[in-house]
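# Remarks on the overall topology
Single-letter residue listing:
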Amino acid sequence: MSSYVIARNIEDRFPIFGASGALVFGLLTWLLLAVSVAPAVVVSFGLRFLLNLSAFWLLDWRGVFGLYAVVSGVLAGLIDRTACAISTEESRYALNGALLLLKPGGVEMVAPDGHRLPLASRDAEIAGLKSDERLLVPKRALAGLRRLANAQQSDSPIHIAKDDSHLFFTAGDSILITRMISGQFPNFEAVLPKSNTITATLDAAALRESLRRVALLASEQTHAVCLALDSGRLTLTTSGGDTGEASETLDAAYTGQPSRVAFNASFLLDMLGVVK
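A tally of helices and strands in the protein chain yields five helices and 17 strands. The burial tally for the protein chain puts 37% of its 276 residues in the buried class. Sequence-distant contacts in the protein chain: of pairs separated by 6 or more residues, those separated by 24 or more amount to 61%. When the accessible surface of the protein chain is summed, it comes to about 16,100 Å², and 54% of that surface belongs to carbon and sulfur atoms.

See the structure below:
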């Protein structure tokens, strides 16, 4: 049942009073809770409500364009790996969400906050997609999308569609509708390194625990921890001034030239927290 049909049935069933768009429904027993492709859900409250119909989306999502399907497990994994970096600064409105990038051969999600740039990608065949599709999803909608994905089998599809200003995510008998974020998303590809010759392999759990211990003595202002790579090992060091210093060494598969770099330990721990 479309939203239009639901709205029409409600209008036929209950008396309407008022003017100028402010309508008083004699809803003595029913309150409309949801508008979806299934019949409306109602609940009894025995109250009267003042509703402004202009505040409701009477949208028929099946009329929107670009209906694609992505496996729920893939979407859930992308959200888990990027949501930690979504900006909360109101002045950076375009960063108050994540960019979902659908490609003919895969799907990516990126969420820079001005200090870090987590980028997650998965190979996936998206039927009917001939060119890249960029969708800016608000932070709160991502939380809802994560719950929607959790409610499905990991290999079940979530259908994605959009109109000029809304995004639609559907799975089974559930639908999530959200406004797209407006504004210009940063050109994140421009800051990605084109080539990298430094690669080291470590045990993620060991690095995570070692970093947590060393970070206890990091500066409260910068949370900086220095990572020094040398042949076969990685050394973590930090200094908190009057509070003391800390250092730990881990085994690492590395054979390149000695290299040294400092990171915010909190950012690294956020990343390691989603590595499985």
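Before going further, it helps to examine the sheet that holds strand β7 (residues 97–103). Ordered by their spatial adjacency, four strands build an open sheet running β9-β8-β7-β10, and the pairing between neighbours is antiparallel. In the strand order of this sheet, the two ends are held by β9 (119–123) and β10 (133–138), each with one partner. Strand after strand, the sheet turns through a mean of 15 degrees between neighbouring axes, direction not considered. Pairing geometry for strand β8 (residues 106–110) and β9, over five bridges, is antiparallel. Looking at the pairing, glycine 106 lines up with aspartate 123 of β9. Here helix α3 (residues 139–150) sits on the sheet in contact with β7, β8 and β10, set at roughly 95 degrees to β10.

Conventions we followed
- Counting restarts for each chain: residues are numbered from 1 in the order of the written sequence.
- Where local features are concerned, this predicted model is filtered to residues with pLDDT of at least 70; where side-chain atom pairs are given and counted, the filter is 80 or more; whole-chain, interface and lining totals use all residues.
- Side-chain measures here rest on the full set of heavy atoms in the structure, leaving out hydrogens and waters.
- Helix and strand labels come from DSSP, where a helix needs a run of H or I of at least four residues and a strand needs a run of E of at least two; each type is numbered from the N terminus.
- Here the term buried applies to any residue with accessible area under 20% of the maximum for its type, exposed to any over 50%, and partly exposed to those in between, with areas from a 1.4 Å probe on protein chains only.
- Contact criterion: two residues are considered in contact whenever any of their non-hydrogen atoms come within 4.5 Å of each other.
- Surface exposure here means Shrake-Rupley accessible area, sampled with a 1.4 Å probe, where a residue is shielded only by the protein chains that are shown.
- Pairing between strands requires that DSSP locate at least two bridges from one strand to the other.
- Here, axes are lines fitted to C-alpha atoms. For helices the fit covers the stretch in contact, and angles between N-to-C directions go from 0 to 180 degrees.

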